[in-house]
Amino acid sequence: MPHQKKHNALIGICLLLFAVMCFATLDTTSKRVTTEIPLMMAVWARYFFQALLTTAVVLPIKGLDVVKTNNPRQQITRGLLLVSVTGLAFASLQLMPVGEFTAIVMTVPLLVTLLATRMLGEHVSTQRVVLVCGGFIGTLIIVRPGTQVFGWPLLIPLALVVVNAGFQLLTSKMARTEDAMTTQFYTTWIGTALASVPLFWFWTPVTDTQLLLELVLMGVSGCIGHFLLILAFERSPAGTLMPYMYAQIGFAMLGDWLIFQHVPDHGSLLGIGLITLSGLAGGLLTLYELRQKTQG
């Protein structure tokens, strides 16, 4: 049994690494696409192609049972929050490099841990509060308020972190009662419906084959990434996987360098490093706490 657990944990880690690579691909492609088409059209394409692929995968497995939900209001709210997260993310990617953007987004798990005290009634230790402060300081180093690097538009990624934290908290609450595939199905189609509304004002014909393929890639990357994430958490505990989430920063920086020839400056690297260390320490602390409970 211990060998089987280690084997499952290793598979879970590998699935997670492929998932965050898909998310980094989505962010990098989104940044390139929004230089050629309106932001709202890119948001729509991301959800539409993901919804098509999700439906093609989920329906043969779940059938019409996939539409059965105990909390339709929460499903709609989750879809609305994720569309907001996507819009803020795409807007942020127009303002800053992918690596720095990803590092700031990676403070979300730290913030969720802190908010879980009030929202979900969970106990949060002093060590975790210190780690949240470390991630926040890393974010300030990247955006550097009071310098020429910082501008009011950089409040957009900070707003993204807050909205994303709310999305993650709701997802955590829904995971106790809702099927993961049902939630994925509703989220993608609600996202598509909401993102379709502004198309009347923002639609631009796409005639370039490469651009069309990139739009499809966004949806495919998002869909595969989310399914791999679900499979990873089915095979390994969250505490085991969380430290590896920060590999997304590395994939994002690689994509930024390959596509946009961007390398973070020393200040940004310091902030990215501090956020990564805080996140890794948070994951290791979770593992330690789980082992203490098991031994107790």
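For clarity, every value in this text was computed on a predicted model and none was experimentally measured.

1. Considering the overall build of the protein chain
Helix and strand counts for the protein chain stand at 13 helices and zero strands. Overall, the protein chain shows an N-to-C arrangement of helices and strands of α-α-α-α-α-α-α-α-α-α-α-α-α. Put simply, the protein chain has 296 residues, and 45% of those count as buried. A sequence separation of at least 24 residues applies to 90% of the contacts in the protein chain between residues at least 6 apart. Surface summary for the protein chain: the accessible area is close to 15,100 Å², and the carbon and sulfur share equals 69%.

2. Observations regarding empty space enclosed by the protein
The final tally for this structure, using the stated rule, is one cavity of 30 Å³ or more. Volume-wise, the largest cavity comes out at about 40 Å³. Taken together, Arg 46, Tyr 47, Gln 50, Arg 78, Leu 82, Gln 184, Thr 187, Thr 188 and His 226 make up the full set of residues lining the largest cavity. At the level of elements, α2 (39-62), α3 (72-95) and α8 (180-196) are the ones that each hand at least two residues to the lining of the largest cavity. Taken together, the residues of the lining of the largest cavity break down into two nonpolar, five polar and two charged.

3. Things to note about the pattern of salt bridges
A complete count under the given rule lists four salt bridges for this structure. Here Asp 65 and Lys 68 are joined by a salt bridge, their closest N and O atoms 3.1 Å apart. Here the residues in one salt-bridge network are Arg 32, Glu 36 and Glu 214, joined through shared partners.

4. As for the packing of aromatic side chains
Overall, the coordinates contain four aromatic pairs when judged by the stated rule. On the basis of an interplanar angle of 65° and a centroid distance of 5.4 Å, the ring pair of Phe 48 and Phe 49 is categorised as edge-to-face. Judged by its relative accessible area of 24%, Phe 48 is partly exposed. Between Phe 200 and Trp 201, the aromatic rings sit 5.4 Å apart at their centres with planes inclined by 85°, giving edge-to-face as the arrangement. Both residues of the pair, Phe 200 and Trp 201, count as exposed. The lysine or arginine in question, Arg 46, covers the ring of Tyr 47, its NZ or CZ lying 4.8 Å from the ring centre.

5. Regarding the packing of α2 against helix α10 (residues 209-235)
Geometrically, a packed helix pair is captured by the angle between its two axes and the distance between the axes. Between α2 and α10, whose axes approach to 7 Å, the crossing angle comes to 50°. The orientation of α2 relative to α10 falls into the category oblique. You can see that α2 and α10 cross each other, and the crossing is right-handed. Packed against α2, whose contacting residues are Ala 42, Ala 45, Arg 46, Phe 49, Gln 50, Leu 53, Thr 54, Val 57 and Val 58, the element α10 presents Leu 215, Val 216, Met 218, Gly 219, Val 220, Gly 222, Cys 223, His 226 and Phe 227 at the interface. Residues belonging to the contact of α2 with α10 are distributed by class as follows: twelve nonpolar, five polar and one charged.

6. Regarding helix α4 (residues 98-105)
Each turn of an α-helix holds 3.6 residues, which means side chains three or four residues apart point in the same direction. Across the eight residues of α4, eight count as buried, placing the element largely inside the fold. Of all the residues in α4, the buried ones are Val 98, Gly 99, Glu 100, Phe 101, Thr 102, Ala 103, Ile 104 and Val 105.

7. Focus: helix α7 (residues 155-174)
Taking 1.5 Å of rise per residue, the 20 residues of α7 would be expected to cover 28 Å, and the 29 Å separating its terminal C-alpha atoms lies within 8% of that figure. Listing the buried residues of α7 in full gives Pro 157, Leu 160, Val 161, Asn 164, Ala 165, Phe 167, Leu 169, Leu 170 and Met 174.

8. Re the side chain of Thr 54
Structurally, the position occupied by Thr 54 is in helix α2. In this structure, Thr 54 is in contact with Gln 184, Phe 185, Thr 188, Cys 223 and Phe 227, ignoring residues within four places of it in sequence.

Here is what the cut-offs are and how they apply
- Residues numbered from 1 in each chain as written.
- Predicted model: local features only at pLDDT ≥ 70, side-chain atom pairs only at ≥ 80, totals over all residues.
- Heavy atoms only, no water.
- Helix = DSSP H or I, 4+ residues; strand = E, 2+ residues; numbered from the N terminus.
- Buried < 20%, exposed > 50% of the residue type's maximum accessible area, 1.4 Å probe, protein only.
- Contact = heavy atoms within 4.5 Å.
- Areas by Shrake-Rupley, 256 points an atom, 1.4 Å probe, with all protein chains shown as cover.
- 1 Å grid on protein atoms, 1.4 Å probe; cavity = no way out; pocket = protein on both sides within 12 Å on 5 of 7 lines; lining within 4 Å.
- Points joined across faces, edges and corners; volume = space filled by probe spheres on them.
- Nonpolar A, V, L, I, M, F, W, Y, C, P; charged D, E, K, R; others polar.
- Salt bridge = Lys/Arg side-chain N within 4 Å of Asp/Glu carboxyl O.
- Phe/Tyr/Trp six-rings, centres within 6.5 Å; stacked < 30°, edge-to-face > 60°.
- Lys NZ or Arg CZ within 6 Å of the ring centre and 35° of its normal.
- Axes fitted to C-alpha atoms, helices over the stretch in contact; angles between N-to-C directions.
- Parallel < 35°, antiparallel > 145°, perpendicular 65-115°, else oblique.
- Left-handed = near helix turned anticlockwise from the far one by under 90°.
- Expected span 1.5 Å × (residues − 1).

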